[in-house]
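Structure at a glance
Below, each chain spelled out in residue letters.
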Amino acid sequence: MSIVQNIRFKIEHRYFAGFLQAAIEESGVRGSVEQNDKTITMILSEEDPAALERFSAYTQKYLPHSIFLGEITTQRIEIEPKAERFHSPAYALAPCPRCLEEITDPASERYLDDTVVCTHYANDEVYEDQDATYFSPHYNGNDTVLLCDASKVRELFLVTDEEIKALFSIEKPTLKVTVKDEELKSLTGKKFLRLKAPYNVKSVLAALNAKESGIATLFFDEREGEPDAVLVQEHLHMIYDNRISAPLEPLHEDAVLNRFLNIRKEAGVSEAIGAYLSRGHGVSFPVVNEFGVKKAIAFQEFSLRQTLEQMEADSRRKRLLENFAERFPETAQKLNESLNESIDLFTTIALILGLEEPGFEVLSDKSLEFHGNGGLKIDMQFNEGDFDYAAMIGSIMSFRLAGTDAHYLAYSIFEAYGDMVVSVLGQLKRQFKIDSFLLMGDLFANSVLFSRILSKFQISKPYFSDRIALDGRVKN
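This write-up is about the structure you can find in this document.

The mixed open sheet is built from five strands, whose spatial order is β6-β7-β8-β5-β9. Only two strands of the sheet have a single partner each, and these edge strands are β6 (157–158) and β9 (217–220). As paired strands, strand β5 (residues 144–147) and strand β8 (residues 192–196) are joined by two bridges and run parallel to one another. Among the inter-strand pairings, L146 is bridged to a residue of β8, identified as K196.

The following block contains the structure:
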């Protein structure tokens, strides 16, 4: 008899099956591993109970968790392990538990060795990370936090079990978490910070040195391309990622349509409607059917100057601008000074709300401060086929004039985006007779928006990619 496990792995990468192959070899159990697409099948012979116990002990100690790990089914059947040995290519993984033991155990021959590379997932080649990152005890603007002392994660941050599992997975994504420690709040001036566990040998050594000096966190300017994830309920998805997520196939010359078509292919549907909400690529609603692919709706680029001119041309909104300038003269001055700077929509909104260091991240963080239910009704309407930015900005100014708290207003804005998306997708569903919905874009880094979509659109089962990052950064 043999124990057979079928393991759902959400991406085609072969490293997790490679770790299982290494466990088989190290424990001496007679077994085999194979991977077909996104299913790993492991067969372990029961002929040697002691070897099975060694395998169990090894995996409990050294098998890393993966964010791509899905459902596992186990059965006992009459089948023999395969004869072939499993092989994995090299991947840009964080040091595995065995590597960490080698580097951090003073009794190890490779203690503090910065040349350690992982060879523990049946990989014939190795990945060598070239990282010029500088880690500092001093916070600088939008730095990411390196967690140096894992035992203090719950003392420093308000984190769930799922967030901890993701942070310490072999992929080491970055998550935005709530700061609990008052000293850390004072040091950074932030209530929410981007947090990352040591993700390569260099960061492991930096963290170990800091921990031995009694320092629980360091700060660093995170290099572009690192896995940046959002976790809402049980939904974990990469926002940006050039290291672990599946690369895009060249299916279309337009970046938005190319990502949409790649995710359509992953979802296994022939027809689909998408919602792409992105700071860099704008807001659009692509559609693919038997006639081809196109953007059924695409928001025009935001222009502060044009928006204010439209408001000035409307008597009611002109009076609103005058009242706003009278009530908030400093904010009005900052808006006028920004007319020639091409500031984006979220920076404009953050200015209107009176937030310091205005921008998307600051506005998004402010929305997370509200813990109630139900937001204000922000105007998210269309005018002659284009999105009506003047109506949106006007409604935000009106609520600010009414004394609405900034965190409640920020929350309402992201909630309104979710409601708008659900409404537009519903209209496109009726128009195109398609009921597969693919959602993508870096605005989903905001958990208010993400949660609103999940709650308001759950019957339609919107699809977020498990293996492809939801957005890509725009190259300058």
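Back to the text.
Our focus in this paragraph is the packing of aromatic side chains. Across all of its chains, the model carries 26 aromatic pairs by this definition. Geometrically, the ring pair formed by F437 and F457 is edge-to-face, given 4.9 Å between the ring centres and 65° between the ring planes. You can see F437 sitting in strand β17 (residues 437–440) and its partner F457 sitting in the segment after α16 (447–456), a full 20 residues away along the chain. F457 carries the same exposure label as F437, and that label is buried. Ring pairs connect the aromatic residues F285, F299, F302, F382, F387 and Y389, which therefore count as one cluster. Between K196 and the ring centre of Y199, over which it is positioned, the NZ or CZ distance is 5.4 Å. The ring of Y240 is capped by R473, whose NZ or CZ atom sits 3.8 Å from the centre of that ring.

Turning to the nonpolar core, a few remarks are in order. F285, M392 and Y417 are the most contacted members of the largest nonpolar core, which totals 71 residues. Those residues in contact with Y417 that lie beyond four places of it in its chain are L277, L345, F346, M380, M392, L443 and L449. Counting 70 residues, the second-largest nonpolar core is a separate cluster that includes Y15, Y62, C96 and L147.

Moving on, we come to the side chain of D228. Positionally, D228 belongs in strand β10 (residues 228–232). Once you skip the residues sitting within four places of it in the chain, D228 turns out to touch T174, R194, H237, M238, I239, Y240 and R473.

All right, on to the sheet that holds strand β1 (residues 2–9) then. One open sheet accounts for four strands, arranged β2-β3-β1-β4; its pairing is antiparallel. Sheet topology places β2 (31–36) and β4 (69–77) at the edges, where each strand pairs with a single neighbour. Taken over all neighbouring pairs, the strand axes of this sheet differ in orientation by 15° on average, direction set aside. With seven bridges joining them, β1 and β4 adopt antiparallel strand pairing. The residue of β4 that forms the bridge with S2 is I77. Most of the contacts of helix α1 (residues 15–27) go to β2, to which it runs at about 175°, and overall it touches β1, β2, β3 (39–45) and β4.

Rules used throughout
Residues numbered from 1 in each chain as written. Predicted model: local features only at pLDDT ≥ 70, side-chain atom pairs only at ≥ 80, totals over all residues. Heavy atoms only, no water. Pairing = 2+ DSSP bridges. Helix = DSSP H or I, 4+ residues; strand = E, 2+ residues; numbered from the N terminus. Phe/Tyr/Trp six-rings, centres within 6.5 Å; stacked < 30°, edge-to-face > 60°. Buried < 20%, exposed > 50% of the residue type's maximum accessible area, 1.4 Å probe, protein only. Lys NZ or Arg CZ within 6 Å of the ring centre and 35° of its normal. Core = buried A, V, L, I, M, F, W, Y, C linked by side-chain atoms within 4.5 Å. Contact = heavy atoms within 4.5 Å. Axes fitted to C-alpha atoms, helices over the stretch in contact; angles between N-to-C directions.

What is shown is where atoms sit, not what they do.
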